[in-house]
Amino acid sequence: MSIVTVQLGQCGNQIGFEVFDALLRDSHSFQGLCSKRENEAYQTSCKERFFSEEESGVPIARAVLVDMEPKVINQTLSKAAQSGRWKYGQHACFCQKQGSGNNWAYGYSVHGPRHEESIMNLIQKEVEKCDSFSGFFIIMSMAGGTGSGLGAFVTQNLQDQYPNSLKMNQIIWPYGTGEVIVQNYNSVLTLSHLYRSSDALLVHENDAVHKICAKLMNIKQISFSDINQVLAHQLGSVFQPTYSAESSFHYRRNPLGIDWQVRPPLSGLPPLGKMSLSKDLHFNTSIANLVILRGKDVQSADVEGFKDPALYTSWLEPVHAFNVWKTQRAFSKYEKSAVLVSNSQFLVKPLDMIVKKAWNMFASKKECGPRKNELRALVWARLKC
């Protein structure tokens, strides 16, 4: 089953390139840990998901590139073509000459409605090329104006036009020290819209990835390119093929096969009035966890620690709370690797911080640039929610 990727804004397009490049580079690396037949099946599954092929045999990314300025898109198209391994479609991009100026309202309320038909037509054409369509993978930032504002608008339109197809947004959480002055406004507005229109959010914090580059990779002068490559590696290790739970011989066809629709029962938590105020409230760490194991000795890997019921909420069956995906086919240059996809409370602290900063800025009535009154009105509505 195939995924259509929508790359939005400077951040989304730069990360999107690195993701496709990492996927194809991995599919052509063979370390001998699995059979030749298994490796060929792995390559076929990867290409089916993320690439189509033209007559020349060059893989073409199943992607639509969107930005309100042409510079980054032109660079992205050029880098893909120069790689010699793959490229983007000839008519798979949309750009203009006027950006959003880091203004969420301008991306959402101006660029979105103005270019809605053109962007959605490009996406529809890409979907129609898929023999078996699985869903959308939308890459965007929360800090700027195009990725966040236009990204929220496009995701909402995808929900309206493709209600039965999964929409997964990969969002980049801005640096805590600040990238743009209105990043907290933009983040609150983006999350409030995606909460209603997206089926799943994969969140990467710039601060956390920066630490990986500095402490684990020992990079002295860390660039956005370094950060994007780490992000691409993490995403690739999630999306590349793994065996299905039903069979150890067939790769799962749906790369977005996590059950993202888990909901607590109405009786999942006691009424507030019945909670004991004399004791500290303790909440479970996670709703659910997924561990993905690749490479040598995956069958003997010990994951029992993840099965402890104390890690999870009481209203979810154990079979849904924890899953393991495995394949002996190694990822990238690593002999063995493990990835954790967790639906947990990890983001509560940074989310509280962003809301607090947005509220403080709103209360202080700081300038927000062009269309500031519209942006402040939107932020007021979201903060009150």
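As a convention, each chain's residues are numbered from 1 in the sequence order in which they are written. In keeping with the predicted nature of the model, local features appear solely for residues at pLDDT of at least 70, side-chain atom pairs appear and are counted solely at 80 or more, and the whole-chain, interface and lining totals rest on all residues. With hydrogens and water set aside, each side-chain value is computed from the structure's full complement of heavy atoms.

The protein chain appears in an unreviewed UniProt entry as Tubulin delta chain from Callithrix jacchus. UniProt positions are given in the numbering used here, feature names are shortened, and annotations may be inferred rather than shown by experiment. The protein chain has a UniProt comment under Function (unreviewed entry) that states "Acts as a positive regulator of hedgehog signaling and regulates ciliary function." Quoted verbatim from the Sequence similarities (unreviewed entry) heading of the UniProt record, the comment on the protein chain is "Belongs to the tubulin family."

Q: Looking at this model, I keep getting lost on the nonpolar core. Mind explaining?
A: Burial of nonpolar side chains together is a common tendency in soluble globular proteins. Remark: nonpolar core denotes a set of buried residues (Ala, Val, Leu, Ile, Met, Phe, Trp, Tyr, Cys) joined through side-chain atoms within 4.5 Å. Only protein chains enter the accessibility calculation, which uses a 1.4 Å probe; a residue is then buried when its area is under 20% of its type maximum, exposed when over 50%, and partly exposed in between. Grouped together as the largest cluster of nonpolar side chains are 40 residues, with contacts concentrated most on Phe20, Trp86, Tyr88, Phe137 and Phe239. Apart from the residues lying within four places of it in its own chain, the contact partners of Trp86 are Phe17, Phe20, Asp21, Leu24, Phe51, Val58, Pro59, Ala61, Ala80 and Ala81. Counting 32 residues, the second largest nonpolar core, distinct from the first, contains Ile123, Phe136, Ile138 and Trp173. We call two residues in contact whenever any of their non-hydrogen atoms come within 4.5 Å of each other.

Q: How should I be thinking about the pairing of strand β9 (residues 286–295) in this particular structure?
A: Helix and strand assignments come from DSSP, with helices taken as H or I runs of at least 4 residues and strands as E runs of at least 2, each series counted from the N terminus. The buried fraction of β9 amounts to 9 of the 10 residues, a majority that puts the element mostly inside the structure. What makes two strands pair is DSSP finding at least two bridges between them. For β9 and strand β10 (residues 322–327), the ladder comprises 6 bridges, and the chain directions are parallel. Pairing of Leu293 across the sheet is with Lys326, part of β10.

Q: Can you walk me through the pattern of salt bridges in this structure?
A: As a working rule, side chains carrying opposite charge can pair if their charged atoms are close by. Whenever a carboxyl oxygen of Asp or Glu lies within 4 Å of a side-chain nitrogen of Lys or Arg, that contact is scored as a salt bridge. A full pass over the atoms with the stated rule returns 8 salt bridges. A salt bridge links Asp21 to Arg85, with the shortest nitrogen-to-oxygen separation between them at 2.7 Å. One end of the pair, Asp21, is in helix α1 (residues 9–27); the other, Arg85, is in the loop between α3 (70–83) and β5 (93–95), and 64 residues separate them in sequence. The partner of Glu126 in a salt bridge is Lys129, with the nearest N and O atoms 3.6 Å apart. Look at Glu126 and you get buried, because its relative accessible area is 5%.

Q: What is the right way to look at the sheet that holds strand β11 (residues 336–344) in this model?
A: Strand pairing within a sheet occurs via backbone hydrogen bonds; the two strands may be parallel or antiparallel. Here 3 strands make up an open sheet; going across it, the order is β10-β9-β11 and the pairing mixed. Since the sheet does not close on itself, it has two edges, and those belong to β10 and β11, each with one partner. The mean angle between the axes of side-by-side strands here comes to 10°, regardless of whether they run parallel or antiparallel. The axes are straight lines fitted to the C-alpha atoms, using for helices just the contacting stretch, and the angles between their N-to-C directions are given from 0 to 180°.

Q: Sorry if this is basic, but what is going on with the sheet that holds strand β1 (residues 2–8) here?
A: The sheet built from 6 strands is open, its strands ordered β5-β4-β1-β6-β7-β8 with parallel pairing. Looking at the sheet topology across the chains shown, the edges are occupied by β5 and β8 (200–205). Within this sheet the neighbouring strands show an average axis-to-axis angle of 15°, counted without direction. Direction of pairing for β1 relative to strand β4 (residues 63–67): parallel, over a ladder of 4 bridges. Bridge assignment links Val6 to a residue of β4, and that residue is Val64. Here α3 sits on the sheet and contacts β1, β4 and β5; the angle it forms with β4, its principal contact strand, is near 150°. In the packing of helix α7 (residues 206–216) onto the sheet, contacts are made with β7 (166–173) and β8, and the angle to β8 comes to roughly 50°.

Q: Teacher, can you tell me more about the packing of aromatic side chains here?
A: Two aromatic rings are characterised by how far apart their centres lie and by the angle between their planes. Centres within 6.5 Å make a pair out of two Phe, Tyr or Trp rings, where for Trp the six-membered ring is used; the pair is then stacked when the planes are under 30 degrees apart, edge-to-face when over 60, and tilted otherwise. One pass over the structure, following the stated rule, counts 15 aromatic pairs. With 4.9 Å between their ring centres and 70° between their planes, Trp86 and Tyr88 make a pair best called edge-to-face. Across the pair, Tyr88 and Trp86 agree in class, each one buried. Aromatic pair Phe306 and Phe322: ring centres 5.6 Å apart, planes at 5°, arrangement stacked. Residue Phe306 is located in the loop between β9 and α9 (318–321), and its partner Phe322 is located in strand β10; the two are separated by 16 residues in the primary sequence. Residue classification places Phe306 among the partly exposed positions, given a relative accessible area of 28%. Among the aromatic side chains, those forming a connected cluster through ring pairs are Phe17, Phe20, Phe51, Trp86 and Tyr88.

Q: Any chance you could explain the environment of Thr76 here in plain terms?
A: By the element assignment, Thr76 lies in helix α3. Residue class for Thr76 comes out buried when judged on its relative accessible area of 3%. Separated by 61 residues in sequence, Thr76 and Ile15 have C-alpha atoms that sit 9.7 Å apart. Look past the residues within four positions of Thr76 in its chain and what remains in contact with it is Gln7, Asn13, Phe17, Leu65 and Tyr88.

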